[in-house]
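Residue-level structural notes
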Amino acid sequence: MASITLDKITKVYPNDVTAVNGVSLDIRDGEFMILLGPSGCGKSTTLRMIAGLEAISSGDMLIGGRRVNDVDPADRDIAIVFQNYALYPHMTVAKNLAFGLKLRHVPASEIETRINRVAALLGIEPLLGRKPSQLSGGQRQRVALGRALVREPQAFLLDEPLSNLDATLRSSMRTELIKLHHTLGTTIVHVTHDQVEAMTMGERICIMKDGDIVQVGEPMEVYRNPANTFVASFLATPPMNLLPGRIESVGAGALVVAMDGVALPVPTAFQAAYASHSGKPVIVGLRPEDFHLAAGDAARTAPIDLVTITTEVLGPEVILVANLASGAGPEIHARMPRDFRAKIGQPLTLHFDLAEIQLFDPETTRVLPRPAHP
Amino acid sequence: MNRLAKKIVPHIILTVFSLIILMPLVWIVRVSLTDKLTAYKIPPEIGTLGLNNYVDIFERFPFVTWFANSFIIAIVSTAIALPLATAMAYSFARLNTGGALLRLGVLASQMLPPIILVLPLFGVFLFVGLTQSRVSLIVAHLSISLPFLSWMLVSFFEGDMARLEEAARVDGASRWQAFLLVAVPVAAPGILAAGLLGFILSWNEFLFVLVLSGPGTQTLPVGLASLETHAGVEIAPLAAATVVSLLPVFALLPFLRKHLIKGLSLGALK
């Protein structure tokens, strides 16, 4: 087991495209770290640089404290699981598992013991004699995982390993990977563009965009306190509502966030933090689950008048899609209880939980810092 | 009725096509079993059938030498071309050696009519004293098969192969081990198909052998052509020799069917 340290890692391709731009990240020994981002954000390139499959243009890469910039992938003692599994098609499952051990001259008896142990762990004993072409997608996934596990490496690198599976299988493999990590305690770096995977699996999430790290933190920390509008709109479905607004002073230090026809009083605990932005435009971030049908304590919630565009009845909940009553601004998504119904065009008033408000600077898109919980 | 027609019509068409393709073969087999006079009779006559011509080609002509030359040259040139072409294809596909320019350059050598290449090649062999040798013919055939086979094999090392090799390298393989233990075995159907094609290319090659070979090093195509003498075409022995020279290709046919189709239809990774 080992920690992985990226120190100002940069990847510039020969055609002058910068895929990764001076990224620094400390992945702790035994940690389950998620690299999350849209395609083309540099997360896979970062993973491939950790594996040694991509040359590092500048910066230092350390695995277990050892600088590995110029170390061959074979000598980094890490294992990788690819999106398309990359099982050796000409070998049986058992030989696929044994391949890396044979290359490392592990004695045959030891190889057999390890293969049997891993096969039992993943429930692939009946498949050991088969070729990859005779396996289903989920079985190939397990074998690919087994090939990584059997090596007992310093760290596992997973490159979108679940994205080729159907929804049910993906969800059960998620659970299984979490369990595996719990059992083995080995460092895992998992690349994904799926924010559900990121939220449910990661001990920490590293969100990347355009070759930069935008935010690193525990899932709920990132969810509750997004660093900028990108993170706010990337995590969760539906994502945080982002609406144009303005901070206005209403005397005696009191502030309101004014949007078209709506005024949200700023909770006392945030007033000091937002005071310097008084009179300036902001982007107002409202999570869909912070809209409520019933008004709470006047100091804690504020009414927002909306006009229904449509409702999405999902079963456990209903997503209300609406506009502000003034008709201006982007669509607002609100998470409603499962028996909520509204007709198209129907006006209604929801109550927003003011303690959950997030404000962003429209120019930098960065969050305006405020105390985490009032 | 309609369904019956749907079943029958394709068979009729296929039968006609098969006959068109098979007619010359059947004709040659028939001629090989008769004599020169009967061979040219119109309408065709069966006449008295016999194996005289088959005996003839071995007694009157150096058929065994031709056959052996063809076989040795085809086997040796393919055995040399195949590993080289595999390595070339690999470096084109995975390392982009020489870029598009080298790839096109290799292909361009095949765009030239062979007749343009054959005389300079003759000059070269004359200079190094290799004219009329089997070695010169093997080298000449390599100049045909190497570009062709390497181009054919490039696609087998592209695409998903890169992932497999990366998996092997992370698993602990060196570049060489990844190539030999993963890339080559996975591309094996394609390599085999390429080998079969290389053999056939050499087996059928005429022009280079005609110019570069000597009396003892002629191969079947040139040897057969020499049966068309100024004293007339020895049609019956020629037919018999043609039939015998087809045998190796027929022997390869089951392999060809299996591996060529598999090899050429890619997607072997999934």
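Procedures and definitions
Residues numbered from 1 in each chain as written. Chains lettered and ligands numbered in written order. Predicted model: local features only at pLDDT ≥ 70, side-chain atom pairs only at ≥ 80, totals over all residues. Heavy atoms only, no water. UniProt positions renumbered as here; feature names shortened; annotations may be inferred. Domains from an automatic or database assignment. Contact = heavy atoms within 4.5 Å. Buried area = accessible area lost by both parts, 1.4 Å probe. Salt bridge = Lys/Arg side-chain N within 4 Å of Asp/Glu carboxyl O. Patch = residues over 30% accessible without salt bridge, like charges linked within 9 Å, V, L, I, M, F, W, Y side chains within 5 Å. Areas by Shrake-Rupley, 256 points an atom, 1.4 Å probe, with all protein chains shown as cover. Helix = DSSP H or I, 4+ residues; strand = E, 2+ residues; numbered from the N terminus. Nonpolar A, V, L, I, M, F, W, Y, C, P; charged D, E, K, R; others polar. Buried < 20%, exposed > 50% of the residue type's maximum accessible area, 1.4 Å probe, protein only. 1 Å grid on protein atoms, 1.4 Å probe; cavity = no way out; pocket = protein on both sides within 12 Å on 5 of 7 lines; lining within 4 Å. Points joined across faces, edges and corners; volume = space filled by probe spheres on them. Pairing = 2+ DSSP bridges. Axes fitted to C-alpha atoms, helices over the stretch in contact; angles between N-to-C directions. Parallel < 35°, antiparallel > 145°, perpendicular 65-115°, else oblique. Left-handed = near helix turned anticlockwise from the far one by under 90°.

Under an unreviewed UniProt entry, chain B has the name Carbohydrate ABC transporter membrane protein 2, CUT1 family (TC 3.A.1.1.-) and belongs to Bauldia litoralis. Word for word, the UniProt comment on chain B under Subcellular location (unreviewed entry) is "Cell membrane". Recorded in UniProt under Sequence similarities (unreviewed entry), the annotation for chain B is "Belongs to the binding-protein-dependent transport system permease family."

Per an unreviewed UniProt entry, chain A is named Carbohydrate ABC transporter ATP-binding protein, CUT1 family (TC 3.A.1.1.-), and its organism is Bauldia litoralis. What the UniProt record of chain A gives under Sequence similarities (unreviewed entry) is the line "Belongs to the ABC transporter superfamily." The record in UniProt for chain A states the following under Subcellular location (unreviewed entry): "Cell inner membrane".

**As for the domain arrangement of chain A**
Residue and element names in this part refer to chain A. On domain assignment, one finds that chain A holds domain 1 (4–231) and domain 2 (241–360). Distance from the C-alpha centre of domain 1 to the C-alpha centre of domain 2: 40 Å. Of the residues lining the interface, 6 residues belong to domain 1; the matching set on domain 2 comes to 7 residues. Summed over both partners, the interface of domain 1 with domain 2 buries about 620 Å², with 46% contributed by carbon and sulfur atoms. Contact with domain 2 buries area across many residues of domain 1, yet Tyr223, Arg224 and Thr229 alone supply 73% of it, more than any other trio. Counting across the domain 1 and domain 2 interface gives 1 salt bridge.

**Brief notes about a nonpolar patch on the surface**
Where nonpolar side chains cluster on the molecular surface, the patch consists of Leu4(B), Ile8(B), Val9(B), Ile12(B), Ile13(B), Val16(B), Phe17(B), Ile20(B) and Ile21(B) and spans about 860 Å² of accessible area. Following the sequence through the fold, Phe17(B) ends up in helix H1 (residues 2–32).

**Some words on the interface of chain A and chain B**
Taken together, the contact pairs 25 residues of chain A with 18 residues of chain B. At the surface where chain A touches chain B, the tally comes to 3 salt bridges. Note that Arg169(B) and Asp72(A) form a salt bridge whose closest N and O atoms lie 3.4 Å from each other. A class-by-class count of the residues in the side of chain A that touches chain B yields 15 nonpolar, 4 polar and 6 charged.

**Considerations on the environment of Thr268(A)**
All names here are of chain A. Checked against the element boundaries, Thr268 lands in helix H9 (residues 268–274). Taking relative accessible area as the criterion, Thr268 reaches 66% and is therefore assigned exposed. Spatially, the C-alpha atom of Thr268 lies 7.6 Å from that of Ala254, the residues being 14 residues apart in sequence.

**Considerations on empty space enclosed by the protein**
All names here are of chain A. Throughout the structure, instances matching the rule amount to 3 cavities of 30 Å³ or more. In terms of lining, the largest cavity is formed by Val81, Leu145, Ala148, Leu149, Phe156, Leu158, Leu177, Leu180, Leu184 and Ile188. Within the residue set of the lining of the largest cavity, elements represented by two or more residues are helix H4 (137–149), strand S7 (155–159) and helix H5 (167–184). Tallied by class, residues from the lining of the largest cavity come to 10 nonpolar, no polar and no charged. Volume-wise, the second largest cavity comes out at about 50 Å³.

**Examining the pairing of S7(A)**
Residues and elements named next belong to chain A. Burial analysis of S7 places 5 of its 5 residues in the buried class, the great majority of the element. Of the two faces of S7, the one carrying Ala155, Leu157 and Asp159 and the one carrying Phe156 and Leu158 are both buried. Direction of pairing for strand S6 (residues 78–81) relative to S7: parallel, over a ladder of 4 bridges. Along S7, the bridge assignment pairs Ala79 with Phe156. Where S7 lies against strand S8 (residues 187–192), 5 bridges are found, and the strand directions are parallel.

**Observations concerning the sheet that holds strand S20 (residues 358–360) of chain A**
By way of backbone hydrogen bonds, the strands of a sheet pair with one another, either parallel or antiparallel. Residue and element names in this part refer to chain A. Overall, antiparallel pairing links the 5 strands, which are arranged S13-S12-S11-S14-S20 in an open sheet. This sheet does not close on itself; its edge strands, each paired only once, are strand S13 (262–265) and S20. Taking each pair of neighbouring strands and ignoring which way they run, the sheet shows an average axis angle of 40 degrees. Direction of pairing for strand S14 (residues 281–286) relative to S20: antiparallel, over a ladder of 3 bridges.

**Brief notes about the pairing of strand S18 (residues 332–336) of chain A**
All names here are of chain A. The side-chain alternation of S18 yields one buried face, formed by Ile332, Ala334 and Met336, and one unburied face, formed by His333 and Arg335. Bridge count between strand S17 (residues 318–324) and S18: 5 bridges; the pairing is antiparallel. Residue pairing across strands places Leu320 opposite Ala334, the latter belonging to S18.

**Focus: the UniProt feature "transmembrane region" (unreviewed entry) in chain B**
Residue and element names in this part refer to chain B. The positions UniProt marks with the feature "transmembrane region" (unreviewed entry) are residues 12–33, 66–92, 104–129, 135–157, 178–203 and 235–256. Secondary structure content for residues 66–92 is 100% helix and 0% strand, and the end C-alpha separation is 37 Å. For residues 104–129, helix accounts for 88% and strand for 0%, while the C-alpha atoms at its two ends are 32 Å apart.

**Brief notes about the packing of helix H3 (residues 108–122) of chain A against H4(A)**
Residue and element names in this part refer to chain A. At a minimum axis separation of 10 Å, H3 and H4 run at an interaxial angle of 140 degrees. Taken together, H3 and H4 sit at an angle that is classed as oblique. The two elements H3 and H4 cross, and the hand of that crossing is right-handed. On H4, the residues that touch Val118, Leu121 and Leu122 of H3 are Arg142, Leu145, Gly146 and Leu149.

**Side note on the packing of helix H7 (residues 134–154) of chain B against helix H9 (residues 175–204) of chain B**
All names here are of chain B. Axis separation between H7 and H9 bottoms out at 10 Å; the angle between their running directions is 155 degrees. As the angle between them shows, H7 and H9 are arranged roughly antiparallel. Relative to H9, the crossing made by H7 is right-handed. Facing His141, Ile144, Ser145, Phe148, Leu149, Met152 and Leu153 of H7, the residues of H9 in contact are Gly190, Ile191, Ala193, Ala194, Leu197, Gly198, Leu201 and Ser202. Here the contact of H7 with H9 is built from residues that sort into 10 nonpolar, 5 polar and no charged.

**Things to note about the sheet that holds S8(A)**
Residues and elements named next belong to chain A. Pairing in this open sheet of 6 strands is mixed, and the strands run S6-S7-S8-S3-S9-S10 from one edge to the other. Looking at strand neighbours, the two that pair on one side only are S6 and strand S10 (212–217), the edges of this open sheet. Geometrically, the sheet is characterised by an average inter-axis angle of 15 degrees between neighbouring strands, direction not taken into account.

**Considering the UniProt feature "domain: ABC transporter" (unreviewed entry) in chain A**
In this numbering, the UniProt entry assigns the feature "domain: ABC transporter" (unreviewed entry) to residues 4–235 of chain A. Taken end to end, residues 4–235 of chain A is 37% helix and 25% strand, and its first and last C-alpha atoms sit 25 Å apart.

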